[in-house]
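Breakdown of the fold
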Amino acid sequence: MAVDQEKIREHIRGILEAIGEDPDREGLRETPDRVARMYSEIFEGIGYTNDEIAMMFNKTFEAPTNNDMVLVKDIEIFSHCEHHMALMYDMRVSVAYIPRERVIGLSKIARIADMVGKRLQLQEKIGTDIAYIMEKATLSPDVAVIITGKHSCMTSRGIKNTPSVTLTTTFRGVFKESKELQDRVLRLVDLRTKTDEDRQKKMTNEISSSEVNERMIYEK
């Protein structure tokens, strides 16, 4: 369903009046029309179901895959929070999947993420929507989606916590079943580094050593 630009123009004018502005002054005279045209662009994804998006971007190619992972990372998108219609920004999406004899065009993965973001959304739902569409488009049940982003409903209002970054993960198929595969994809998108692993091992060793020392003291 196409965005109703006439209604948007009408209501944006009403909002301007409601906040105490003069919609007829020079700087605002064309604002309702600008917003209407902008909404048609940034909310384009509302007009399509997940199944329709999968059909739009489901062109695949035969390729030797060896059942190994394909990963496209750092796809930049934006979206809008469905609770406040506030911008979700600095969003980076990484999508991994394990092909079943055929691969999808890499640009299609970015287009899927972009279209899903052009809705009133939750970051968690962006991940599940992308995973669902990828499953349909690639015919592979093995999909992982990792998203980081900032939310202006947190950074510019309310708590106003500007440094906060939200991380969400969506794992399907073997990615959901295998902790080793989850660690691998997180490492590849630079969310889990070798330093992190070494630090974790060191902490585990320190805890184990402490427990041994406590046991020896207790036994004495």
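Presented here is a report on the structure given in the accompanying data block. The shown structure was predicted, so the numbers you read here are calculated from the model rather than taken from an experiment. (Residues numbered from 1 in each chain as written. Predicted model: local features only at pLDDT ≥ 70, side-chain atom pairs only at ≥ 80, totals over all residues. Heavy atoms only, no water.)

Side note on the overall build of the protein
A count of helices and strands for the protein gives nine helices and seven strands. For the protein, the proportion of its 220 residues judged to be buried stands at 37%. Considering only intrachain contacts with a sequence separation of at least 6, the fraction spanning at least 24 residues in the protein is 68%. With the model as given, the accessible surface of the protein reaches about 13600 Å², and the carbon-plus-sulfur share is 52%. (Helix = DSSP H or I, 4+ residues; strand = E, 2+ residues; numbered from the N terminus. Buried < 20%, exposed > 50% of the residue type's maximum accessible area, 1.4 Å probe, protein only. Contact = heavy atoms within 4.5 Å. Areas by Shrake-Rupley, 256 points an atom, 1.4 Å probe, with all protein chains shown as cover.)

Details of the nonpolar core
Grouped together as the largest cluster of nonpolar side chains are 27 residues, with contacts concentrated most on Ile 75, Val 93, Ile 109, Ile 112, Ile 126, Ile 130 and Met 134. Mapped onto this core, the elements with two or more residues apiece are helix H3 (50-56), strand E2 (70-81), strand E3 (87-97), strand E4 (102-104), helix H4 (106-117), helix H5 (123-138) and strand E6 (143-151). By residue number, the principal contributor to this core is H5, which donates six residues. Contacts of Ile 75, omitting those with residues within four sequence positions, involve Met 91, Arg 92, Val 93, Val 95, Ile 109, Ala 110 and Ala 113. One finds Ile 98, Phe 171, Phe 175 and Val 185 within the second-largest nonpolar core, a separate group that totals ten residues. (Core = buried A, V, L, I, M, F, W, Y, C linked by side-chain atoms within 4.5 Å.)

Concerning the side chain of Ser 79
With respect to the helices and strands, the residue Ser 79 is situated in strand E2. Looking at Ser 79, its side chain comes within polar contact range of the main-chain oxygen of Gly 117, at 2.6 Å. Within polar-contact distance, the side chain of Ser 79 engages the backbone oxygen of Arg 119 at 3.2 Å. Contacts of Ser 79, omitting those with residues within four sequence positions, involve Ala 86, Leu 87, Met 88, Met 91, Gly 117, Arg 119, Gln 121 and Ile 126. (Polar contact = N/O pair within 3.5 Å; in protein donor to acceptor, adjacent residues only side chain to side chain.)

Thoughts on the sheet that holds strand E5 (residues 120-121)
Spatially, five strands are ordered E5-E2-E3-E6-E7 in an open sheet, and the strand pairing comes out mixed. The open sheet terminates on both sides in strands that have one partner only, identified here as E5 and strand E7 (166-171). Across six bridges, the pairing between E6 and E7 is antiparallel. Across the sheet, Ile 147 pairs through a bridge with Thr 168, a residue of E7. H5 rests against E2, E3, E5, E6 and E7 of the sheet, and its axis sits at about 150° to E6. (Pairing = 2+ DSSP bridges. Axes fitted to C-alpha atoms, helices over the stretch in contact; angles between N-to-C directions.)

A few points about the pairing of E6
Within E6, eight of the nine residues are buried, which leaves the element mostly enclosed by the surrounding structure. For E3 and E6, the ladder comprises eight bridges, and the chain directions are antiparallel. By the bridge assignment for E6, Tyr 97 is matched with Val 143.

Some thoughts on the packing of H4 against H5
Contact pair H4 / H5: the axes reach a minimum separation of 10 Å and the direction vectors enclose 140°. The angle between the axes of H4 and H5 places the two elements in the oblique class. Crossing angle aside, the handedness with which H4 passes H5 is right-handed. Where H4 abuts H5, its residues Ile 109, Ile 112, Ala 113 and Val 116 lie against Ile 126, Asp 129, Ile 130, Ile 133 and Met 134. Counted by class, the contact of H4 with H5 contains eight nonpolar, no polar and one charged residues. (Parallel < 35°, antiparallel > 145°, perpendicular 65-115°, else oblique. Left-handed = near helix turned anticlockwise from the far one by under 90°. Nonpolar A, V, L, I, M, F, W, Y, C, P; charged D, E, K, R; others polar.)

Things to note about the packing of aromatic side chains
Scanning the model with the defined rule gives one aromatic pair in all. The interplanar angle of 65° and the centroid separation of 5.1 Å between the aromatic rings of Tyr 39 and Phe 43 together place this pair among those described as edge-to-face. The exposure class of Tyr 39 is partly exposed, given its relative accessible area of 21%. (Phe/Tyr/Trp six-rings, centres within 6.5 Å; stacked < 30°, edge-to-face > 60°.)

Details of the environment of Ala 131
By the element assignment, Ala 131 lies in helix H5. On the basis of relative accessible area, Ala 131 is assigned to the buried category, the value being 0%. Once the C-alpha coordinates of Ala 131 and Asp 142 are considered, the two residues, eleven residues apart in sequence, prove to be 9.0 Å apart. Apart from residues no more than four positions distant in its own chain, Ala 131 is found in contact with Val 143, Val 145, Thr 170 and Arg 172.

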